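# Reading the structure
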Amino acid sequence: MLDSLSLFSLAGKRALVTGSSRGIGYAIAAALASAGASVIINGRDQEALGAAAAKLADTGATVRALAFDVTSADSIGEAVDWAETELGPIDILVNNAGMQHRVPLEDFPLDRFEQVMSTNVTSVFMVGQAVARRMIPRCTGKIINICSVMSNVARPSIAPYAASKAAVANLTRGMATDWAKHGLNINGIAPGYIRTELNEALLQNAEFNSWVERRTPMGRWAEPAELGGAAIFLASEAASFVNGHILYVDGAFTATV
Ligand code: NAP
């Protein structure tokens, strides 16, 4: 029998984290590496990705950079093939890449709506399917999809984002419904307000900052690293019977009116 700390060990595991050149993805990759996993980080900007890989390697992590666009089926296919052939099985997939676009709904352009859906939802389907097709014959694998408090509620000017994150939450439940029988665990993490580049405009806005601090019972934004523990848990044996669950890491935001 494993002792309780060993249950959280990711030694010998390989993780692919999409959208991990900065922000939440980078912090999750760093956390998985600190628990013993070798990590493959991803983004579109090669230079930023290389710099992130070097920074992570400096902490002692075993890291590879794999640039591809999560909205391109061809690029995903090539990247997953390359990783599985050259590096070995992907044991853990974190579907984290995502985008935001803020415009009042009556003015929201269709092409931007489609870009939000493709980056935030279709990517989870495509990368998830490409990796799950490898995991299913192995009868094991962990998939973590990054949802949001906006999976449950909406805010002015981000209706397409809220729709996309609600879809990711239910796609997570659907993946568990179809793939749990093959030995896969598929869960979601729903962050509240986290200090990242995605929220740069909001962080610069004093009125919005004070709204976040009042609306979040913990009274503050979170740092990206505060998502690391949830990711390690869901990627590990400690969560062996946790499946189709959305874990809120939101300072009680969704617990409160
Ligand atoms: P971020 O700081 O903007 O980072 C986004 C990352 O995704 C970057 O590494 C970016 O690199 C990559 N990316 C974007 N589009 C991509 C694409 N098409 N293909 C591959 N990589 C792509 O965002 P974040 O705040 O860390 O958010 C990460 C995830 O958490 C998102 O799914 C977001 O919706 C979710 N989330 C964030 C918050 C929050 O408060 N920050 C709250 C709830 C949920 P490149 O630009 O180089 O591609």
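Structure: above.
For the structure given in this document, a descriptive report is provided here. Every value quoted in this text rests on a predicted model; they were computed, and no experiment measured them. (Residues numbered from 1 in each chain as written. Predicted model: local features only at pLDDT ≥ 70, side-chain atom pairs only at ≥ 80, totals over all residues. Heavy atoms only, no water.)

All right, on to the side chain of N120 then. Position of N120 among the secondary structure elements: in helix 4 (residues 110-138). One polar contact links the side chain of N120 to the main-chain amide nitrogen of M99, over a distance of 2.8 Å. A polar contact is formed between the side chain of N120 and the side chain of S164, at a distance of 3.1 Å. In contact with N120, other than residues within four places in its own chain, are G98, M99, Y161, S164, K165 and V168. (Helix = DSSP H or I, 4+ residues; strand = E, 2+ residues; numbered from the N terminus. Polar contact = N/O pair within 3.5 Å; in protein donor to acceptor, adjacent residues only side chain to side chain. Contact = heavy atoms within 4.5 Å.)

A word on the site of the ligand. Near the ligand there are 31 residues, and of these S21, R44, N96, Y161 and T196 occur at the shortest range. In this structure, an oxygen atom belonging to the ligand sits 3.0 Å away from a main-chain N or O atom of D45. Relative to its unbound accessible area of 890 Å², the ligand is 95% covered by the protein chains. Comparing atom positions with the cavity grids shows the ligand to sit within the largest pocket. (Near = heavy atom within 4 Å. Areas by Shrake-Rupley, 256 points an atom, 1.4 Å probe, with all protein chains shown as cover. 1 Å grid on protein atoms, 1.4 Å probe; cavity = no way out; pocket = protein on both sides within 12 Å on 5 of 7 lines; lining within 4 Å. Sits in = over half its atoms within 2 Å of the grid points.)

Phi at S157 takes a positive value of approximately 80°, unusual for a residue other than glycine. Position of S157 relative to the elements: it lies in the loop between strand 5 (141-146) and helix 5 (159-179). Overall, S157 belongs to the partly exposed group, its relative accessible area being 25%. Positive phi values are uncommon outside glycine, yet A252 reaches one of about 80°. With respect to the helices and strands, A252 occurs in the segment after strand 7 (246-249). What makes A252 partly exposed here is its relative accessible area of 31%. (Buried < 20%, exposed > 50% of the residue type's maximum accessible area, 1.4 Å probe, protein only.)

Per the stated rule, a full pass over the model turns up six salt bridges. A salt bridge links E237 to K142, with the shortest nitrogen-to-oxygen separation between them at 3.9 Å. With a gap of 95 residues between them, E237 in the loop between helix 8 (228-235) and strand 7 and K142 in strand 5 connect regions that are remote in the sequence. With a relative accessible area of 45%, E237 lands in the partly exposed category. Judged by relative accessible area, K142 falls into the buried class, the value being 8%. (Salt bridge = Lys/Arg side-chain N within 4 Å of Asp/Glu carboxyl O.)

This next bit is on the layout of surface pockets. Approximately 1,000 Å³ is the volume attributed to the largest pocket. A97, G98, M99, Q100 and L198 are the residues nearest the centre of the largest pocket, which is lined by 46 residues in total. When residues of the lining of the largest pocket are traced back to their parent elements, those giving at least two are helix 1 (23-34), helix 4 and helix 5. When residues of the lining of the largest pocket are assigned to their parent elements, the largest contribution, three residues, is made by helix 1. Across the lining of the largest pocket, the residue classes tally to 19 nonpolar, 19 polar and eight charged. Quantified by volume, the second largest pocket comes out at close to 200 Å³. In terms of lining, the second largest pocket is formed by 16 residues, of which the most central are K13, T140, K142, A235 and E237. For the lining of the second largest pocket, a count of residues per class yields six nonpolar, five polar and five charged. (Points joined across faces, edges and corners; volume = space filled by probe spheres on them. Nonpolar A, V, L, I, M, F, W, Y, C, P; charged D, E, K, R; others polar.)

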